[in-house]
Amino acid sequence: MYHFIPTHASYIGVLEKRRSTRPAAAPAGSVYEDIEAQAASHRGCFTFPHGHVLMWGDNPQVSARPLYTMLPEIEKRVGKVKAKWMMYVRNLTLFPNVQIAENASMQLRIIRPLAVDRTEMVTYCVAPKGEPAEARTRRLRQYEDFFNATGFATPDDTSAYEACQRGDDARSLDWQQGYARGLTAVKAGGNAEAEELGIRPVTSVAGNYRIGDESIFQGNYRAWLKLLKAGVAKSMGAG
Ligand SMILES: [Fe+2]
């Protein structure tokens with residue numbers, strides 16, 4: 001979660017510029033536009049069995065959501081709690097290779113390893129059926145703005161993925177970033193948010209905007225380790 005500010009510094013610059021020139025009455029173009037409100041947000045993550053993980057953040061710029069105009073109708077259909085969570089920023093990883101990322105817009109990602117040094121990631125803009133035309137337009141513009149190959153944010157992430165791939169080529173490592181931050185905040189089982197949703201995660205984390213948690217990866221690593229061990233045991237048995 002904490003990659004947003006350092007990785008997307010140029011996008012944040014664009015948002016700041018837009019915000020300062022936008023008429024006060026005009027609706028925000030992005031959930032990230034109000035940086036102060038974002039800094040006051042509450043966020044966290046869950047890990048689940050089989051390596052699935054979710055990170056979430058309550059959404060101060062809720063009026064920028066394409067679904068926002070449908071909120072009363074959605075509340076009637078799914079109840080207030082689920083409707084509230086549908087307005088949150090959420091990034092769900094279905095281990096090992098599917099992601100549903102809902103932040104600036106909603107995106108489905110399919111990640112496919114092609115070779116040891118080559119990975120394909122296909123992305124789709126996802127939208128509810130029957131969405132009003134105005135909301136659909138807003139969603140598509142947000143998708144183009146943030147996620148598209150020509151967007152302001154995703155190219156930063158793609159560049160980071162390529163750098164990670166180069167790093168994974170390293171012959172030896174003295175240290176590795178990406179697994180320890182936030183571990184002291186991890187709670188076994190559920191928390192207040194899990195209870196609200198009626199789910200039973202393996203671990204939960206919740207905190208303020210600066211929580212800087214990366215314990216979410218532990219959920220992926222546990223499943224990965226289990227698969228590697230099972231693979232080794234199988235090949236030993238076969239050999
Ligand atoms: Fe990113």
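Residues numbered from 1 in each chain as written. Predicted model: local features only at pLDDT ≥ 70, side-chain atom pairs only at ≥ 80, totals over all residues. Heavy atoms only, no water.

Let us look at the overall build of the protein. Of the regular secondary structure elements, the protein holds nine helices and eight strands. Taken over the C-alpha trace, the protein has a radius of gyration of 19 Å; the compact-globule value for 239 residues is 18 Å, and the two agree within 12%. The principal-axis extent of the C-alpha atoms belonging to the protein is close to 70 × 40 × 35 Å. Split into buried and exposed, the 239 residues of the protein put 35% on the buried side. Of the contacts made within the protein by residues no fewer than 6 positions apart, 55% connect residues no fewer than 24 positions apart. (Helix = DSSP H or I, 4+ residues; strand = E, 2+ residues; numbered from the N terminus. Rg over C-alpha atoms; globule rule 2.2 N^0.38 Å. Buried < 20%, exposed > 50% of the residue type's maximum accessible area, 1.4 Å probe, protein only. Contact = heavy atoms within 4.5 Å.)

On to unusual backbone geometry. In this chain, F95 is followed by P96 through a cis amide linkage whose omega measures 5°. Along the chain, P96 falls in the loop between β3 (89-94) and β4 (98-102). A positive phi angle, near 65°, is found at H50, a position not held by glycine. With respect to the element layout, H50 can be found in the loop between β1 (42-47) and β2 (53-57). Looking at H50, the relative accessible area reads 61%, which means it is exposed.

Okay, the coordination of the iron ion next. Within the first shell, the iron ion binds the protein through H3 (NE2), H8 (NE2), D157 (OD) and D157 (OD), at distances of 2.1 to 2.4 Å. Spacing between the donor residues of the iron ion along the chain follows H-x4-H-x148-D. Of this pair, H3 sits in the segment before α1 (4-7) while D157 sits in helix α7 (residues 154-168); the two residues are 154 residues apart in sequence, bridging distant segments of the chain. For H3, a relative accessible area of 34% translates into the label partly exposed. Note on D157: relative accessible area 10%, which makes it buried. (Donors = N, O, S within 2.8 Å, 3.2 Å for Na, K, Ca; no water.)

Counted at 1.5 Å a residue, the expected span for α7 with its 15 residues is 21 Å, and the 21 Å between its end C-alpha atoms agrees. Among the residues of α7, those classed as buried are T154, D156 and D157. The arc that holds the buried residues of α7, viewed along the axis, is 145°, so those residues lie on one side. Looking at the buried side of α7, the elements it contacts are α1, α2 (9-21) and α6 (133-146). (Expected span 1.5 Å × (residues − 1). Arc of directions from axis to C-beta.)

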